[in-house]
Structures are given as structure tokens and as C-alpha cells.
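These are the residues of each chain, in order.
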Amino acid sequence: IILHFQISDIQVNGQSEDMTAKEKLLLWSQRMTDGYQGIRCDNFTSSWRDGKLFNAVIHKHYPRLIDMGKVYRQTNLENLEQAFGVAERDLGVTRLLDPEDVDVPHPDEKSIITYVSSLYDVMPRVDAHDGLRANELELRWQEYYELVTILLQWIRHHVTIFEERKFPGSYEEIELLWRQFLKFKETELPVKESDKIHSKQIYQSFESAVQAGQVKVPPGYHPIDVEKEWGRLHVAILERERLLRIEFERLERLQRIYSKVQMESGVCDDQLAHLENLLQKDMALLNAGKPAQHTAEVERELDKADNVIRLLFNDVQILKDGRHPQAEQMYRRVFHLHERLVNLRSDYNLRLKVVTSSRVLQTQSTQKVRPELDDVTLRYVEDLLAWVEENQQRIDKAEWGTDLPSVESQLGSHRGLHQTIEDFKSKIDRARTDENQLSPVSKGKYREYLGKLDLQYGRLLNSSKSRLRNLDSLHAFVTAATKELMWLNDKEEEEVNYDWSDRNTNMTAKKENYSGLMRELELREKKVTDIQALGDTLVKDGHPGKKTVEAFTAALQTQWSWIL
């Protein structure tokens, strides 16, 4: 009775009036598979055993779902599993049969008829009394289905791309991304919108057949469904444009600052080279017993360079805050300029001015220039003290990094600074020997400066060593944690993509997959536990980068708990 009502309404183009429902279904199956080499439909038993007929029926109307070349190479069970799986997943046909039920010498006829009739229900149906219109309708449906399939794949692909929130860090890359986005909007998007409009026009040409039940549209293929997907794409495009514009403008602003720093540091470099040349000329004149000629110009240019370098440091800090990829490179460039400036000022104070003053002292019996000589020496130690205080502030305000690349960047940058701080001791030793040049009146004040310099330098050196140790320990922790997180992410992807559902009937493979995963987790557990213990110790000991440590520890715990 069930079978009778299941197939009683079957209508096939070319049927005769005295045909039974079973004969009509057989004729329909033969029409569906006509033209497929080596595939014949003679009955509802042995003809269906190898699974090729099931696949051919689906391929007739949904060629993108089935690869017939693959069908001819597969085993019976593989063909049957493929057909039943595709029909259930993509066409909504209930899996009434298992491959093992069909791949037997004499499959159950009524079961085969019932399942084939379910396939008949989801295939486009046409008026059996109008052959010309039937062929035209089938062609239109095929055109619509293929056009919408390509359109939906394209929409979903671009929605996934546009929902990506990570952008490149360089101005050149974001500019390229922005140009590609504008090109997409101007060229690719209008073409696809035309395809959408065309697909709707095709649908309207056979909409009456859909309403009459002659054509059954699969879920997600109605023009309304297409419009919904297009709406999602439109929202994704607007959000992508907003975020891209913000990021592009931010990096464009940073790029202007970067170009400014690059240009002005080059000018400053030439300026310092000019100063070095003037100093050498004046020293040559003094050594020849002649007076220096560029003292006023040197003093003026030193002050001017000092102001420029201070402004450059402000610009470099903006680059660092904005995570510009060349920020650290620019910092080192400006830092070296500052080092050159300090050395030039020291040479000017302790060589040119001292020599000039000494020569004047030799020719005058009074001590009128002694205060000037004292001022020069005091100015030198004040410059050293300012350098120490400036770098102490730099260390105090320095960041620790939030991920492996930024931690590595901080570590590399500080190693260079630490070496410079250690080398700086020679300048303090030099300042200590300059005490002998001072008058008794200025020695007390000078010793006070030296005491403060020793104290501040000792603090700076200790801070630098401490930061270096903390960066080393943070780098070791973040490196290990990142490695485990990458492994866990890979395992999560495998887990999510593996088919654990009832559709995957290979229980042996499931068990092997599960056992293999558990073995890997057991081997990995000690590493994860050790890293978490290390993170807890760093936080407990008050590590200055504990926010980064806590973030990695939490991420590791979350990922590990999820996979377990």
C-alpha cells in the first residue's frame, strides 16, 4: 500500500496509458540514464547493484554534485555510499538504504523502487504531454541551477574573505589591498550582480512550472535565498570598506611620518658631518697656533641639531605606538644620530674649548677664563646625566610585546640598547678624569654631579639587565606556548573536519582516529602542563610582562580543554 501511494503520481514523457506506476518509474530511470556509457536500467534489482545508476540519475540534473569519471573507477560500495551521501546531504533524500543492502546478488526490489521514487520527487519534473516544452524547461532549469551554484560559491567565498579582520602591517601591502578592493567593486561585483539578475529572469521563465509542482527547487536555490546571500555579501563589503579605509588612513599617516623621519634624519646626518668637518678645521688651526674660526657656528648648529633630534624621537615614538614595520629601524637611526651629537658636543667642550681656554690661560696671568673652562666640563657631565635619565625613562615605559613577533622585536631592540649602556661606562670614566681640570671652587659641584651620575647609571644598568633577563624568560615562554597553540589549532581543525556522524559508517577508521588522537594528547600533556606551570611561576614572581603570560596561559588552557 505504501509503495502504491509512493509512486502512483509518477508521470513520464512518452508513457503509454496502460503503464503501471512501476513501469513508468522504470521508464523515467531509463530516460535519466540514457546516454551514459555502460549503464543500463533493465530492472529494480541487479541493475542498481553497482551504484552507477544512482549516481547517473543524480548527475543528470545536478552534474556538479557527481564526478562520473570517478564513478566508473570506484567499487560498488564506494559508488553506493557516494550516491546515498550526496542525495541526503545536497538533495534532502532520506537515506533509506545502506550500501551493504544493495551490493548483494538479489537486492530487495521494493526497497529500490521506494528509494528511486524519492529521487524522482526531488528531480525537476515536466509536463509529460508536451515533449517540446519539457526539453525547453529542462534546459532552462539546468542553466539556472549551474548559474546559481557558481554565484553562491562566489558569494560565500568573498564573504569569508571580507570577514577577515587581520590586515598587513606595511603601507605598501595595505595600499595594494585597497586597490584590489576598489577594483573588485568596480569590475567584478557588477558582473556578478548582472548574473544574479539574469538568474532571476531565468527563474521567472519557469516559475509557473515550480508552482505547478513540475520543478522542485532544492533548498537554498530559490531567488529569495540568493538575495539573502547577496545581502550578506553587501554587509560584508560595507564593513570591509570601513575597516580598510580606517587602516589605510592610519598607515598612510604613519607612512608620512616615516618619510618625514627618513628625510629629516638624512638632513641631520649631513648636518653632523658638516659639524665634524668644522671641528677638524678648528682643531687644525689651534694646533698650528692660530685661533679657531667656527666656534659660534658650531655652538649654533649643535643646539639646532639637538632640537631636531628631540622632535625626531617624538615622531619615532608615534611610529612605534602605531606598530609601523620600520619603527625600530628608524629608532636605531635616530638613536645613532643622538649618539653622534653627544660625542660631537663632548669633543667640542673638551677638546676645542679646553684647548682654546688653555692657550688663553698661558698668555694671561689672570684666571678670567677659568669659569668658562669649568662651565664646559660641567656641561659635559650634565649631558651624560641627561642621556642616562632619558634611557631610564625609555626602559621604564618600554612594552613587552603581546605575541611572539613583538616579543622578539622587543628583545632584539633591547639587546642593542643594553650593549650601548654597557659601553657608556667609558664616558663616565673619562668624565671622572676631567675633574683635575676644574678650579677648587667648581670641584664640589662637579663631584656632586658625578655622584648623581654614578647612582643614576647604576640604576640604569640594573634596570637594563633586569629587562634583558625578563625578556629572555618571556621569549622562552611565549615561544614554547606558541608552538603548542599551533599544534592544538592543527588538531582542532582535524577534529572539526573529521566526519564523526552516522554518515561515516567506517567504525574501524573512527576508532583508529580517536585512539591516535588520544595517544598524541597523552604524549603532549606533559609539555602543556610544564608550560602552564612556567607561566604560573612567572605571574607569581611578578613578571612585568605578566599580562602577556596570562593571555597565553588562558589561551593554552582553553584550547587544551576544548580538544580534551
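Preceding this section is the structure that the text describes.
Read on for an overview of the structure. As the structure is a computational prediction, the values presented were derived from the model and not from experiment.

Here we take up unusual backbone geometry. We note that Arg323 has phi near 55°; this positive angle belongs to a residue other than glycine. Its place among the elements puts Arg323 in the loop between α12 (295-321) and α13 (327-363). With relative accessibility at 51%, the residue Arg323 sits in the exposed group.

Time to look at the nonpolar core. By size, the foremost hydrophobic cluster in this structure holds 116 residues, and its most contacted members are Trp48, Phe54, Ile58, Phe206 and Leu233. Shared between two domains, this core takes at least three residues from each, and those domains are domain 1 (1-126) and domain 2 (129-243). Setting aside chain neighbours within four positions, we find Leu233 in contact with Trp154, Ile155, His158, Val159, Phe162 and Leu189.

Moving on: helix α19 (residues 546-563). With 18 residues, α19 extends 26 Å from end C-alpha to end C-alpha; this agrees with the ideal 26 Å at 1.5 Å per step. Burial in α19 covers these residues: Thr548, Val549, Phe552, Thr553, Leu556, Gln559, Trp560 and Ile563. Axial view of α19: buried residues confined to an arc of 135°, hence all on one face. For α19, the exposed residues lying more than 90 degrees away from the buried face are Lys547 and Thr558. Looking at the buried residues of α19, the elements they touch are α17 (440-497) and α18 (507-540).

Once that is clear, we can look at empty space enclosed by the protein. Throughout the structure, instances matching the rule amount to one cavity of 30 Å³ or more. Estimates place the volume of the largest cavity at around 40 Å³. Around the largest cavity sit Lys196, Ser199, Lys200, Pro223, Val226 and Glu227, which together line it. Contributions of two or more residues to the lining of the largest cavity are made by α9 (171-205) and α11 (223-287). Across the lining of the largest cavity, the residue classes tally to two nonpolar, one polar and three charged.

Quick notes on the rules
Position labels on residues start from 1 in each chain and follow its written sequence. Reporting in this predicted model follows two pLDDT cut-offs: at least 70 for local features of residues, and 80 or more for side-chain atom pairs to be given and counted; totals over whole chains, interfaces and linings ignore these cut-offs and use all residues. Hydrogen atoms and water are omitted, and side-chain values are computed over all heavy atoms in the structure. In DSSP terms, a helix is any run of H or I states spanning at least four residues, a strand is any run of E spanning at least two, and both are numbered starting from the N terminus. In this scheme, a residue with accessible area under 20% of its type's maximum is buried, one over 50% is exposed, and one in between is partly exposed, where area comes from a 1.4 Å probe on protein chains only. As used here, the term nonpolar core means buried Ala, Val, Leu, Ile, Met, Phe, Trp, Tyr and Cys residues forming a set that is joined through side-chain atoms within 4.5 Å. Reported domain spans reflect what an automatic or database domain assignment gives. Residue contacts are defined here by distance: any two heavy atoms, one from each residue, within 4.5 Å place the two residues in contact. Multiplying 1.5 Å by the residue count of a helix minus one yields the expected span of that helix. The arc in question is the one traced by the directions running from the helix axis out to the C-beta atoms. Of the grid points, spaced at 1 Å and generated over the protein atoms alone, those admitting a 1.4 Å probe that cannot get out make up cavities, while open sets with protein on both sides within 12 Å along at least five of seven lines make up pockets; any residue with an atom within 4 Å of a point is treated as lining. Grid points are joined across faces, edges and corners, and a volume is the space filled by probe spheres set on the points. For this classification, the nonpolar set comprises Ala, Val, Leu, Ile, Met, Phe, Trp, Tyr, Cys and Pro, the charged set comprises Asp, Glu, Lys and Arg, and every other residue, Gly included, is treated as polar.

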